[in-house]
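What follows is each chain in one-letter form.
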Amino acid sequence: MSANQKHLATRINTSCPYCGVGCGVSVEIDQAKPIKISGDKSHPANAGKLCSKGLALAETLRLTDRLLHPSIEGNPSDWETSTQLIANKLQQTISTYGPDAVAFYVSGQLLTEDYYVANKLMKGYVGSANIDTNSRLCMASSVAGHKRAFGSDTVPGQYSDIEHADLLVLVGSNLAWCHPILQQRITNAKIQNPNLKVVVIDPRRTATAELADLHLAVKPGGDAALFTGLLAHLADEEVVDYDYVEQHTSGIEDALISAFSLSFAELELASGLDKNTLNNFYHLFAKTPKTVTVYSQGVNQSVIGTDTVNSIINCHLATGRIGVPGMGPFSVTGQPNAMGGREVGGLSNMLAAHMDLHNAEHRHTVQEFWQSPAIADKPGLKAVDLFQAVYDGKVKFIWIMATNPVVSMPDANLVKAALDRCPFVVVSDVVANNETMAFANVKLPAAAWGEKNGTVTNSERCISRQRAFRALPAQVKPDWWAISAVAKKLGYVKAFDYHNAAEIFREHAALSAYKNTDTRDFDIGACASFTNDDYDNLIPFTWPRPKGGKNIESRFFANGNFYTANKRAQFIPIHVATANAQPNNYLLMANTGRLRDQWHTMTRTGRIATLSAHSTEPSIELNLSDAEDNGIVHGDIVRAYVGHTSILVRA
Ligand code: SF4
């Protein structure tokens, strides 16, 4: 090629496939050069910045370990044969054992369009709600907490609240490693606003705690007690906003009775924090109107996660600090499309478009819109129960998409045994081999990032496009295509006759607006009339976007208008279990955490040398006194036991 030959580089804007920050990614393609990745300067989440994982995305674009063809019992197959076999097995299982004997286990890695089609097939055509998602593990407590308080699964705030706040309270949230771009936004906000205070509530002193003005090393599980004590303090200090409370909420009396029933001694015991530390935090919260409380997996992944979420929301409702720039409770999701999954009803206890499975009118609305032969009328199995049901032989067909539950689920041995016993297992994934694939009767090659087209919704309700910039290799297909192929073989040709992701998105948008007279928060009806070009050119936007709606307020609840029957938010009384505040039966209490440069079970990031340099091996961090008591010094290899299960790691 001559030196003066010029190449026309193409730039495609897409979004990052990793965490729930949902950064915009700009891909520069020049045939003569390797693909170049940078942050999309126009994206509202990241304004051109990317973290280490996002910056290494180009290195994940390889075909060496990809699944490129369908396979049946380990032998190469084709789509016609494999989807026919899946349809036959699905139909036989339903005919013999009923619709609840089949299940889909899906993922926050799926695009909204994939999720929508999977949910439609299971809830409207199979007639079961046995579809659950790995997002269950990351944020189901927030969904339940939002619904109890607001009557809907609504995240009231936006990332820009970080820049408007005077106090940021981060609870169970190691943003520096798990949502690095939000951490960068906080660092910058502190420079712009020297009055901004940051409180980190986490049993560990994490990298995030390094930028904190105050770190509260709360006892694991002590957050609900901490915020319940805060509610009592806010009432004592007379900073309750009674105008807001009287106009827009119900139930503060019972919530306060519960809060005041907790003595300070019980509070200290349950939270693991002394009186001075508690009062420092309570005083700061009480005196700072512009407060945002950000919480994530440390709150959600707990048996008392929902109560912890409501203990936080109670404090924001009591002070009227919600839906105003710089104020509000803010759940940040772990995965890139956990929010999109919530929008389509990808959890086993939800219906599509933020409608409720237990609401007969909603069920009728969805079934009427889909013109479907059935509609699930009771919640399906949630992730942990689902794998138990597979183990117990109640679920005899499972289709796993874009997730690796043998590694990511709690009690991996049970999941392995369950899949080993299950008569028919389908796994759709981009990689040829992972721990879950080993149990698949049928493997389906799914489109990877850079090959698939669709939308994702990030933690602040911002819908962005993921755009394809590479051709689908070999026999690889998008997940929506594979699900639709099976649905058509089951006889549902018209309902699943999709030709592209844009058609699915239009249908999803139309359902969000169907019979929605401002009674449901999720409404993107304006997108129902998108042309394919509109869809291709979609600029990231924060919902709601109703049809004909202009200048829609992007924050919720500053003026009430909750989605409960009486349009008021509901305070939830929190009963703190002080008797169980001390762990029993175990010598130590442990938490799990993420690695900064790895993603999930490392099937993608684990093969990139630059990303493995930060943490080269698994490790366990111990309190120094625990280490001394057990004769452990830095660098020792130790075996940690939970019951009969153990792990060998470096201390
Ligand atoms: Fe991707 Fe999250 Fe990093 Fe942004 S912060 S580049 S979304 S991993």
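Residues numbered from 1 in each chain as written. Predicted model: local features only at pLDDT ≥ 70, side-chain atom pairs only at ≥ 80, totals over all residues. Heavy atoms only, no water.

### A few points about the overall build of the chain
1) Next: When helices and strands are counted, the chain shows 24 helices and 22 strands.
2) Next: Projected onto its principal axes, the C-alpha positions of the chain cover 70 × 65 × 60 Å.
3) Next: Across the 651 residues in the chain, those meeting the buried criterion constitute 56%.
4) Next: Total accessible area on the chain is roughly 26900 Å²; 51% of this is exposed by carbon and sulfur atoms.
5) Next: Computing the positive centroid from 58 side-chain charges and the negative centroid from 63, the chain places the two 6 Å apart. (Helix = DSSP H or I, 4+ residues; strand = E, 2+ residues; numbered from the N terminus. Buried < 20%, exposed > 50% of the residue type's maximum accessible area, 1.4 Å probe, protein only. Areas by Shrake-Rupley, 256 points an atom, 1.4 Å probe, with all protein chains shown as cover. Lys, Arg positive; Asp, Glu negative; His and termini not counted. Charge placed at Lys NZ, Arg CZ, Asp CG, Glu CD.)

### Brief notes about the environment of Val240
1) Next: Following the sequence through the fold, Val240 ends up in the loop between helix H8 (223-236) and helix H9 (242-248).
2) Next: Each C-alpha atom, one on Val240 and one on Ile72, is 62 Å from the other, the two residues being 168 residues apart in sequence.
3) Next: Not counting residues up to four positions away in its chain, the partners in contact with Val240 are Leu234, Ala235, Val245, Ile252 and Ala318. (Contact = heavy atoms within 4.5 Å.)

### A word on the sheet that holds strand E17 (residues 454-457)
1) Next: Strand order in this open sheet of three strands is E17-E18-E19, and the pairing throughout is antiparallel. The open sheet has two edge strands with one neighbour each: E17 and strand E19 (541-542).
2) Next: Looking at chain direction, strand E18 (residues 462-466) and E19 are connected through two bridges and run antiparallel. The partner of Cys462 across the bridge, within E19, is Thr542. (Pairing = 2+ DSSP bridges.)

### Looking at helix H19 (residues 412-421)
1) Next: Taken together, the buried positions of H19 are Leu414, Val415, Ala418 and Leu419. Within H19, the buried residues cover an arc of 130° as seen down the axis, which keeps them to one side.
2) Next: For H19, the secondary structure elements touched by its buried residues are helix H17 (383-391), strand E14 (397-401), helix H18 (405-408) and strand E15 (424-429). (Arc of directions from axis to C-beta.)

### Digging into the site of the ligand
1) Next: Taken together, Cys16, Tyr18, Cys19, Gly22, Cys23, Leu50, Cys51, Lys53, Gly54, Pro180 and Ile181 make up all the residues around the ligand.
2) Next: Taking a 2 Å distance to the grid points as the criterion, the majority of the atoms of the ligand fall inside the largest cavity.
3) Next: Breaking the shell around the ligand down by element, the ones donating at least two residues are helix H1 (52-55) and helix H7 (180-192). (Near = heavy atom within 4 Å. 1 Å grid on protein atoms, 1.4 Å probe; cavity = no way out; pocket = protein on both sides within 12 Å on 5 of 7 lines; lining within 4 Å. Sits in = over half its atoms within 2 Å of the grid points.)

### Description of H8
1) Next: Over its 14 residues, H8 runs 20 Å from end to end, which matches the ideal 20 Å to within 8%, given 1.5 Å per residue.
2) Next: For H8, the buried fraction is high: 13 of the 14 residues fall into the buried class.
3) Next: Just downstream of H8, Glu238 is the residue with a positive phi angle, here 55°. (Expected span 1.5 Å × (residues − 1).)

### Quick notes on the packing of helix H4 (residues 135-150) against helix H14 (residues 305-318)
1) Next: Between H4 and H14, whose axes approach to 8 Å, the crossing angle comes to 50°. The orientation of H4 with respect to H14, classified from their angle, is oblique. Seen from above, H4 lies across H14 with right-handed handedness. Taking contact as the criterion, the partners of Ser141, Ser142, Ala144, Gly145, His146, Arg148, Ala149 and Phe150 in H4 are, on H14, Gly305, Thr306, Asp307, Val309, Asn310 and Ile313. (Axes fitted to C-alpha atoms, helices over the stretch in contact; angles between N-to-C directions. Parallel < 35°, antiparallel > 145°, perpendicular 65-115°, else oblique. Left-handed = near helix turned anticlockwise from the far one by under 90°.)

### What about the pairing of strand E12 (residues 291-295)?
1) Next: By the criterion of burial, E12 is predominantly enclosed, with five of the five residues buried.
2) Next: Summarising the sheet, strand E8 (residues 167-171) and E12 pair through five bridges and their orientation is parallel. Within E12, the residue paired with Leu170 across the bridge is Val294.

### Quick look at the sheet that holds strand E10 (residues 214-216)
1) Next: With respect to topology, five strands assemble into an open sheet ordered E10-E9-E8-E12-E13, the strand pairing being parallel. The open sheet terminates on both sides in strands that have one partner only, identified here as E10 and strand E13 (328-331). Between one strand and the next, the sheet's axes are offset by a mean angle of 15°, whatever the strand orientation.
2) Next: Across the face of the sheet, H14 comes into contact with E8, E12 and E13 while running at roughly 170° to E12.

### Some details on the nonpolar core
1) Next: Within the largest apolar cluster, 111 residues are counted, with the highest numbers of intra-cluster contacts made by Phe104, Ile201, Phe227, Phe281 and Trp399.
2) Next: The residues contacting Trp399, other than those within four sequence positions of it, are Ile86, Ala103, Phe104, Tyr105, Val426, Ser428, Leu444, Ala482, Ile483 and Val486.
3) Next: Formed by 38 residues, the second largest nonpolar core is a distinct cluster that contains Ala165, Leu175, Val198 and Leu211. (Core = buried A, V, L, I, M, F, W, Y, C linked by side-chain atoms within 4.5 Å.)

### Focus on empty space enclosed by the protein
To find the voids left in a structure, one rolls a probe of water-molecule size over its atoms.
1) Next: By the definition in use, this model includes four cavities of 30 Å³ or more.
2) Next: Lining the largest cavity are Cys16, Tyr18, Cys19, Gly22, Cys23, Leu50, Cys51, Lys53, Gly54, Pro180 and Ile181.
3) Next: Going through the elements one at a time, H1 and H7 are the ones with two or more residues in the lining of the largest cavity.
4) Next: Partitioning the lining of the largest cavity into residue classes produces eight nonpolar, two polar and one charged.
5) Next: Taken together, Phe227, Thr228, Leu231, Ala255, Ala259, Ser311, Asn314, Ile572 and Ile574 make up the lining of the second largest cavity.
6) Next: Counting only elements with at least two residues in the lining of the second largest cavity, the list comes to H8, helix H10 (252-260) and H14.
7) Next: Tallying contributions element by element places H8 first for the lining of the second largest cavity, with three residues.
8) Next: Residue classes in the lining of the second largest cavity are distributed as six nonpolar, three polar and no charged. (Points joined across faces, edges and corners; volume = space filled by probe spheres on them. Nonpolar A, V, L, I, M, F, W, Y, C, P; charged D, E, K, R; others polar.)

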